[in-house]
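Next come the chains, spelled out residue by residue.
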Amino acid sequence: MGKATLSGKGRRWVLGGHPWIYRDDIAGGEAESGELIQVEDPAGNSLGWGLFSSTSKIALRLVTRQPVQPKREFWLERVQRAVQARERMGFLNPRGACRLIAADADRIPGWIVDLYGTTAVVQSSIQGSDRMRDFLVELLEAALPFKLDCIVDRSDSSVRRFEDLDSRVEILKGQVTEGLEVHEDDLVYEVDVLNGHKTGHYLDQRLNRQLAAREAQGKRVLDAFCYDGLFGVRAAMAGAEDVLCLDQSGPAGERVLRNAERNGVAHKLRFEKANCMQALRNLKSEGHSFDIAIVDPPAFARNRREISGAERGYVELNRRALALLEAGGLLVSASCSYNVRASAFVKFLASAGRLAERDVWLEELRGASPDHPQLLAVPETAYLKCAFLRAL
Ligand SMILES: C[S@@+](CC[C@H](N)C(=O)[O-])C[C@H]1O[C@@H](n2cnc3c(N)ncnc32)[C@H](O)[C@@H]1O
């Protein structure tokens, strides 16, 4: 069985609370890829147990600070706790959808489980979760209060390259339903679990979409970077007069239209396949304006080196969105770059307001839905910012 001894600096870092240990902070020991090993301080005292990666800069992710080796009961308790939390939030429903296990935030590093009805999509991003995959799938089925008809492994995210892991898409159980439908309150939408983004859907924006729709009655709405169009569909269902959805993805656009059809709002929602940066500029020069604009782009900063480029992108995008709003209009602006902290994002939005020559209120600064909890010791789990801004 492997073991790792930390340097004095590594020990201080672990005692500071963050469970990730960098390779430079390991003074000795050996372990296999993905192995669960005991972690010790330089004097040989146990600091807990962690999952080892042979390639990533994050060489260890602590799963417990207790000296006792985690066994089946330990992991089952973690999965059960995650399931109970989603049940408490009212998100666990065999016709609905939720993030059931949010990796580090649920203290199961590298392991995501999203539920779409009775289909579960699992995603493993580190060697440790890969090594435990079949075991974790078994625990998932044991912990859920209803039976899963289908389990898909969508371990195809780009971060796997840091762990020297290949991309993998596998059906582990049952068959994927074509046009798989999810029910969320009165909304019905389609999810493509094999080819859609992430595990098929952006579950983190669920509550923000509902809030953005609050004042949609009789309004003209722009949903930019719309993916499956659920900000727009929600707004249309809440009484918006006209909704324009934009995204560069053709397959997403087809789902937008089918989602609009399913919810009885196809007559007032349009989709255009477009580069949003360019499209926002064109809309302005053609004289269009909106009462509500949503801009929810992909992460502009995937690492720290990209932050200054991302700043330019966020400022310019939001400047263009503000320029399209009527006086008193609502801008819902999101950033899912965890390298851009909330305070920096607000600064970028202020710059956008200045450049657009608009006074802007920040009415609410929100995060992801609660099924994507933030583990306070791991700031990286707080990635989504969603600002509700009033353009005066
Ligand atoms: C974070 S997702 C949007 C999620 C969506 N708002 C929702 O509520 O599900 C970002 C979307 O931006 C799209 N995208 C990325 N770059 C784009 C661009 N330059 N122009 C238009 N769409 C783009 C992607 O196809 C993806 O659907």
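Residues numbered from 1 in each chain as written. Predicted model: local features only at pLDDT ≥ 70, side-chain atom pairs only at ≥ 80, totals over all residues.

Observations concerning the overall build of the protein chain
Reasoning step 1: Helix and strand counts for the protein chain stand at 10 helices and 20 strands.
Reasoning step 2: Its C-alpha atoms give the protein chain a radius of gyration of 22 Å, near enough to 21 Å, the size a compact globule of 392 residues would have.
Reasoning step 3: Summarising its shape, the C-alpha atoms of the protein chain cover approximately 70 × 45 × 35 Å along the three principal directions.
Reasoning step 4: In the protein chain, which comprises 392 residues, the proportion classed as buried is 46%.
Reasoning step 5: A fraction of 62% describes how many contacts in the protein chain between residues 6 or more apart in sequence connect residues 24 or more apart. (Helix = DSSP H or I, 4+ residues; strand = E, 2+ residues; numbered from the N terminus. Rg over C-alpha atoms; globule rule 2.2 N^0.38 Å. Buried ≥ 20, exposed ≤ 12 C-beta atoms within 10 Å, placed from the backbone. Contact = placed C-beta atoms within 7 Å.)

Overview of the sheet that holds strand E3 (residues 26–30)
Reasoning step 1: On the basis of which strands lie adjacent, the open sheet formed by six strands has the order E2-E6-E5-E4-E1-E3 and mixed pairing. Edge positions in the sheet fall to strand E2 (20–22) and E3, since each has one partner strand and no second. Sheet twist, expressed as the mean angle between neighbouring strand axes with direction ignored, is 35°.
Reasoning step 2: Sheet analysis places E2 next to strand E6 (residues 58–64), joined by three bridges and oriented antiparallel. By the bridge assignment, Trp20 is partnered in E6 with Arg61. (Pairing = 2+ DSSP bridges. Axes fitted to C-alpha atoms, helices over the stretch in contact; angles between N-to-C directions.)

With respect to the site of the ligand
Reasoning step 1: As a matter of local geometry, the ligand sits amid 19 residues, with Tyr202, Phe225, Tyr227, Gln248 and Asp296 nearest to it.
Reasoning step 2: Where the shell around the ligand is concerned, the elements lending two or more residues are helix H6 (230–237) and helix H8 (276–285).
Reasoning step 3: Each residue belonging to the shell around the ligand can be placed in one class, and the counts come to 12 nonpolar, four polar and three charged. (Near = placed C-beta within 6 Å. Nonpolar A, V, L, I, M, F, W, Y, C, P; charged D, E, K, R; others polar.)

Some details on the sheet that holds strand E16 (residues 269–273)
Reasoning step 1: If you walk across this open sheet you meet the seven strands as E16-E15-E14-E17-E18-E20-E19, and the pairing is mixed. For this open sheet the edge positions go to E16 and strand E19 (360–366), each flanked by a neighbour on one side alone. Each neighbouring strand pair of the sheet contributes to a mean axis angle of 15°, computed without reference to strand direction.
Reasoning step 2: When strand E18 (residues 325–335) meets strand E20 (residues 385–391), the two strands line up antiparallel, connected through seven bridges. Note on E20: the bridge partner recorded for Ala334 is Cys386.

With respect to the domain arrangement of the protein chain
Reasoning step 1: The domain boundaries assigned to the protein chain delineate domain 1 (3–64), domain 2 (72–180) and domain 3 (202–391).
Reasoning step 2: Spacing between the C-alpha centres of domain 2 and domain 3 amounts to 28 Å.
Reasoning step 3: With 10 residues of domain 2 at the interface, the matching set in domain 3 holds nine residues.
Reasoning step 4: Broken down by element, the side of domain 2 that touches domain 3 gets its largest block of residues, four residues, from strand E7 (residues 97–102). (Domains from an automatic or database assignment.)

Describing helix H7 (residues 250–262)
Along an α-helix, residues three or four apart share an orientation, since each turn contains 3.6 residues.
Reasoning step 1: For H7, which comprises 13 residues, the first-to-last C-alpha distance of 19 Å matches the rise-based estimate of 18 Å (1.5 Å per residue) to within 8%.
Reasoning step 2: Looking at H7, one finds that the buried residues are Ala252, Gly253, Arg255, Val256, Asn259 and Ala260. For H7, the buried positions fall inside an angular range of 160° around the axis, keeping them on one side.
Reasoning step 3: Those residues of H7 that are buried lie in contact with strand E13 (187–191), H6, strand E15 (242–247) and E16.
Reasoning step 4: Gly264 sits one or two positions beyond H7 and adopts a positive phi of about 70°. (Expected span 1.5 Å × (residues − 1). Arc of directions from axis to C-beta.)

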